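# Structural characterization, general
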Amino acid sequence: MPSNPTLLGRMYAWLQGEVPAATLEAYRRTGLHVFELLDQAEARRLACATEGMNAWTAPPAARAQLLCTWNAFVLQTLADQILDADYAAEPVTAGFVPPETAEQVLAFYGQVEEWLNRALQARASPDYRLDVVVPAQLPPWTHPEPCPAPHVRGTVQAMLSVGHHAGAAMGIFDDAVPDDARQQAQLNRIRQVYAAAEARARYAADLYGVEPARGLHEKVGPYAREALEAFYELGQLIADPTLATPPSEKPGRVPGSRGGGRAGALPGKAGFDPWCLTDPIVRKALGKGRRANEALRRMWALDPDPALTLEIHAEIAAAYERMEISYAMHHGERVGHHECCPWAPVYVVLRPVTLGGKALRTLQQFVYDVGADDASETFRRRILVGTFRRVPQG
């Protein structure tokens, strides 16, 4: 963790367009106990083995605890290593990072608490069952191409750490004797994923060496990222081998529904509800306000295709009904709503789904961002993915 930046460091960071990393450091601190929880999860795995259970017959809550802890560990490690690599590359600006680094690190840190929360619930209750679809994918890689050298260094360091833990965890299958052909197929799948991850990781490590030649880090990055994605999946399969469905048996992704198409009342027609995009709780608080109503009137007046806006909203509503998404929560409370009109709810993805043409991954947060900027009045209509903070309700 960096010390307080000097005046020279602050000035240099400003000249380079870097942003403070205080929020990222706060996320780092809150996730540090993931390493303690990883030890506890491994202890529970050993306890199950002592009682004569294997990876398949361990209680569902125990498997969920292992899986969620693994995911939190990988995400925390990735974020820590990329952040530290940036500090090491520019010691004078330690405590500041480029905007693209902040975005990438926040994407990882932002999901750590979600997985830790579930791991703690699984540890506390034998009746716990996961509410999200697994195995989950890593958050998307948001950095620009070519990938900055510090990102590559951090990714490689994270890959080596995660790969070491994954290799050790594979030891539980050394003497495994599956009960039936299905379990044998699942074990074969797990070993296949491990072999693929190891091959990618070994190639990336060998290519990177002690310090890659100029321009070579651009070739290392994709291999390291692919290895990490495979290790992320592998850890979840080790935790719960029943998830290791052979590719030929995997169901297709459930697509986002069009939810009723363009039918329904439009602005200016009888029965149209201008508040339909708004978080229901916020609607109660703002519904009688003159300024809020005027902002909504202006938004719909500027919309060049309100039918399309309502069509995407119908997709979101249908996904909510199918329990593919839910309202985003933090420490047992709603995260809240987007700060801009029409004050849409913040959602979290429970099952990979495509909404408004945008593919979303498990535990990504998003809002339906609709409206026009005051300056340009260029209308926007998009699924905005991010890590959102809780705002006061009402």
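The structure we're discussing is the one just above.
First, a word on scope: everything that follows refers to the structure included in this document.

When you line up the elements, Gln183 lands in helix H7 (residues 181–208). Separated by 127 residues in the primary sequence, Gln183 and Trp56 place their C-alpha atoms 8.1 Å from one another. If we skip the residues at most four places from it in the chain, Gln183 touches Trp56 and Pro178. In this structure the side chain of Gln183 is engaged in a polar contact, spanning 2.9 Å, whose partner is the backbone nitrogen of Asp179.

Once that is clear, we can look at the pairing of strand S9 (residues 365–372). For S9, the buried fraction is high: 8 of the 8 residues fall into the buried class. What you see with S9 is no split at all: Gln365, Val367, Asp369 and Gly371 on one side and Phe366, Tyr368, Val370 and Ala372 on the other are buried throughout. With 8 bridges joining them, S9 and strand S10 (residues 379–386) adopt antiparallel strand pairing. What sits directly across from Asp369, in S10, is Arg382.

Let's shift gears to the environment of Val152. Counting through the fold element by element, Val152 comes out in helix H6 (residues 149–169). Using a relative accessible area of 1% as the deciding quantity, one classes Val152 as buried. In this structure, the C-alpha to C-alpha distance between Val152 and Gly221, residues 69 residues apart in sequence, is 5.4 Å.

Before going further, it helps to spend a moment on unusual backbone geometry. For the bond from Val134 to Pro135, the omega torsion is 5°, close enough to zero to count as cis. With respect to the secondary-structure elements, Pro135 resides in the loop between helix H5 (99–124) and H6. For the peptide bond that leads from Cys341 to Pro342, omega is 20°, which places it in the cis range. Relative to the elements of secondary structure, Pro342 occurs in the loop between strand S5 (333–334) and strand S6 (347–349). At Met323, a position not held by glycine, the phi torsion is positive, near 60°.

On to the packing of helix H2 (residues 22–31) against helix H4 (residues 60–89), then. Direction vectors running N to C along H2 and H4 enclose 140°, while the axes themselves pass 11 Å from each other. Taken together, the axes of H2 and H4 are oblique relative to one another. In the packing of H2 onto H4, the handedness of the crossing is left-handed. Each of Leu24, Glu25, Arg28 and Gly31 in H2 lies in contact with H4, whose residues at this interface are Gln76, Asp80, Leu83, Asp84 and Tyr87.

Turning our eyes to something else, we now look at the sheet that holds S6. Strand order in this open sheet of 4 strands is S3-S6-S9-S10, and the pairing throughout is antiparallel. Each edge of the sheet is formed by a strand with only one pairing partner; in this case those strands are strand S3 (325–327) and S10. Taking the axes of each pair of neighbouring strands and ignoring which way they run, one obtains an average angle of 35° across the sheet. In the sheet, S6 pairs with S9 via 2 bridges, with the strands oriented antiparallel. The partner of Val348 across the bridge, within S9, is Gln365. Helix-sheet contacts for helix H10 (residues 290–302) involve S9 and S10, and the interaxial angle to S9 is about 80°. Along the sheet face, helix H11 (residues 306–321) touches S3, S6, S9 and S10 and points at about 165° away from the line of S9.

On to the packing of aromatic side chains, then. Under the defined criterion, the tally for this structure stands at 12 aromatic pairs. Taken together, a centroid distance of 6.1 Å and an interplanar angle of 85° make the contact between Phe35 and Phe73 edge-to-face. Here the residue Phe35 occupies a position in helix H3 (residues 34–50), and Phe73 occupies one in helix H4, the gap between them amounting to 38 residues. Residue Phe73 is classed as buried on the basis of its relative accessible area of 2%. Relative to Tyr327, the ring of Tyr320 lies with its centre 5.1 Å away and its plane at 45°, an arrangement referred to as tilted. Residue class for Tyr320 comes out partly exposed when judged on its relative accessible area of 30%. An aromatic cluster is built from Tyr320, Tyr327, Tyr347 and Phe366, whose rings are joined through pairwise contacts. Note that Arg225 overlies the ring of Trp141, its terminal NZ or CZ placed 6.0 Å from the centroid. The ring of Tyr327 has Arg334 lying over it, and the distance from NZ or CZ to the ring centre is 4.0 Å.

The terminal C-alpha atoms of H4 lie 44 Å apart, and with 30 residues this matches the ideal 44 Å at 1.5 Å per residue to within 8%. In terms of burial, H4 is a largely internal element, 25 of the 30 residues being buried.

We now examine the pattern of salt bridges. Oppositely charged side chains can form a pair if their charged atoms are brought close together. Across all of its chains, the model carries 16 salt bridges by this definition. The salt bridge partner of Arg189 is Glu233, with a shortest N-O separation of 3.8 Å. Taken as a pair, Arg189 in helix H7 and Glu233 in helix H8 (residues 217–239) lie far apart in primary sequence, 44 residues in all. Taken individually, Arg189 and Glu233 each receive the classification buried, so the pair is uniform in this respect. With a shortest N-O distance of 2.8 Å, Asp303 and Arg381 are connected by a salt bridge. Of this pair, Asp303 sits in the loop between H10 and H11 while Arg381 sits in strand S10, placing them 78 residues apart in sequence.

Looking only at H2, the buried set comprises Leu24, Glu25, Arg28 and Gly31. What you see down the axis of H2 is that its buried residues fit within an arc of 130°, all on one side. Looking at H2, the residues exposed on the side facing more than 90 degrees away from the buried face are Ala22 and Thr30. In this fold, the buried residues of H2 make contact with H3, H4, strand S2 (96–97) and H5.

Here is what the cut-offs are and how they apply
Residues numbered from 1 in each chain as written. Predicted model: local features only at pLDDT ≥ 70, side-chain atom pairs only at ≥ 80, totals over all residues. Heavy atoms only, no water. Helix = DSSP H or I, 4+ residues; strand = E, 2+ residues; numbered from the N terminus. Contact = heavy atoms within 4.5 Å. Polar contact = N/O pair within 3.5 Å; in protein donor to acceptor, adjacent residues only side chain to side chain. Buried < 20%, exposed > 50% of the residue type's maximum accessible area, 1.4 Å probe, protein only. Pairing = 2+ DSSP bridges. Axes fitted to C-alpha atoms, helices over the stretch in contact; angles between N-to-C directions. Parallel < 35°, antiparallel > 145°, perpendicular 65-115°, else oblique. Left-handed = near helix turned anticlockwise from the far one by under 90°. Phe/Tyr/Trp six-rings, centres within 6.5 Å; stacked < 30°, edge-to-face > 60°. Lys NZ or Arg CZ within 6 Å of the ring centre and 35° of its normal. Expected span 1.5 Å × (residues − 1). Salt bridge = Lys/Arg side-chain N within 4 Å of Asp/Glu carboxyl O. Arc of directions from axis to C-beta.

Structural measurements only, silent on function.
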